[in-house]
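Analysis of the macromolecular model
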Amino acid sequence: MLALSIKQPWTDALAKGQKSIEVRKWAQSQVESARKLVGRWVALHAGKQPDLGAPVYVGQRAFGNAMFSWVQVKAERCGGIVGIARLADLERFTPETWESKKADHLNPLTWWDEGLIGLHFALAARLDTIIRCPGQLGFFRLEDRTLAVLLRKLEGQGVRLD
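Just so we're clear, the structure is a prediction, and the values are computed from it rather than from any experiment. (Residues numbered from 1 in each chain as written. Predicted model: local features only at pLDDT ≥ 70, side-chain atom pairs only at ≥ 80, totals over all residues. Heavy atoms only, no water.)

**So, the nonpolar core**
With 20 residues, the main nonpolar core has Leu4, Trp26, Leu87, Leu90, Leu119, Phe121 and Phe139 as its most contacted residues. When residues of this core are traced back to their parent elements, those giving at least two are strand E1 (2–6), helix H1 (10–15), helix H2 (28–35), strand E3 (41–46), strand E4 (80–92) and strand E5 (116–132). In this structure, Met1, Ala3, Ile81 and Cys133 belong to the second largest nonpolar core, which totals 15 residues. (Core = buried A, V, L, I, M, F, W, Y, C linked by side-chain atoms within 4.5 Å. Buried < 20%, exposed > 50% of the residue type's maximum accessible area, 1.4 Å probe, protein only. Helix = DSSP H or I, 4+ residues; strand = E, 2+ residues; numbered from the N terminus.)

Here it is as structure tokens:
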């Protein structure tokens, strides 16, 4: 199984289904490689460092008045697999689609840039506890032992990967 490393709080937002589009700026070759993964399950890896610019935006726009506790995120939900989701689609954003899908990608409209790609995720599930493992840039293959732990945790939580 492949994984994608994403900074917190965005990883948990994807795993909880509060965000459905991850935004990247990738070369065409990376986009074509990712397009071949549509329909496959992807492990959601939380990078070691959170997005320190996110708390105010997340607190004000994405999750109502609930502010994020970065101490908790840093200690408990960074540096490993925190969930899983199915890669449903990829799209190259236009200025119009960037604005119309802001509730799905949760990025400020001012972040628009030519060449942004939206990775659409569906059927997300958040793990109760993190599986510690190193991440990498782009999609990366999980080690066998990490995958085995992930599958056991998902089964224990009643999550089926059909």
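Now that the structure has been shown, the text picks up again.
**Side note on the sheet that holds E1**
Strand order in the open sheet formed by 6 strands is E2-E5-E4-E3-E1-E6, with mixed pairing between adjacent strands. On the outer flanks of this sheet lie strand E2 (21–25) and strand E6 (139–141), each paired with one strand and no other. When the angles between neighbouring strand axes are averaged without regard to direction, this sheet yields 45°. Bridge count between E1 and E6: 3 bridges; the pairing is antiparallel. Residue pairing in the sheet places leucine 2 in a bridge with arginine 141 of E6. The sheet contacts of H2 involve E4, E5 and E6, and relative to E4 the element is tilted by about 105°. Across the sheet, helix H7 (residues 144–156) touches E3, E4 and E5, and the angle it forms with E5 is around 80°. (Pairing = 2+ DSSP bridges. Axes fitted to C-alpha atoms, helices over the stretch in contact; angles between N-to-C directions. Contact = heavy atoms within 4.5 Å.)

**Focus on the side chain of glutamine 8**
With respect to the helices and strands, the residue glutamine 8 is situated in the loop between E1 and H1. A polar contact of 3.0 Å, which involves the side chain of glutamine 8, links it to the backbone nitrogen of aspartate 12. (Polar contact = N/O pair within 3.5 Å; in protein donor to acceptor, adjacent residues only side chain to side chain.)

**Things to note about the packing of aromatic side chains**
A full pass over the atoms with the stated rule returns 3 aromatic pairs. Their ring planes at 85° and their centres at 5.2 Å tell us that phenylalanine 93 and tryptophan 98 sit as a pair that is edge-to-face. Accessibility expressed as a relative area gives 2% for tryptophan 98, which makes it buried. Here the aromatic cluster, defined as three or more aromatic residues joined through ring pairs, consists of Phe93, Trp98 and Trp112. (Phe/Tyr/Trp six-rings, centres within 6.5 Å; stacked < 30°, edge-to-face > 60°.)

**Structural notes on the pairing of E5**
Examined bridge by bridge, E2 and E5 share 5 bridges and lie antiparallel to one another. For valine 23, the partnering residue across the bridge sits in E5 and is glycine 118. Pairing of E4 with E5, which is carried by 10 bridges, proceeds in the antiparallel orientation. Within E5, the position partnered with arginine 86 by the bridge is alanine 122.

**Notes on the environment of arginine 77**
By the secondary structure assignment, arginine 77 is in the loop between helix H4 (70–76) and E4. For the pair formed by arginine 77 and threonine 11, sequence separation is 66 residues and the distance between their alpha carbons is 9.1 Å. There is a polar contact of 2.8 Å between the side chain of arginine 77 and the side chain of aspartate 12. Here the side chain of arginine 77 touches valine 82 through a polar contact of 3.4 Å, landing on its backbone oxygen.

**Focus on the confidence of the model for the chain**
Residues of the chain with pLDDT of at least 70 account for 86%, and the chain-wide mean is 87. Across residues 59–71 the pLDDT falls below 50, and counting only partners more than four positions away or on other chains, this stretch makes 20 contacts in the model. (pLDDT = per-residue confidence, 0-100.)

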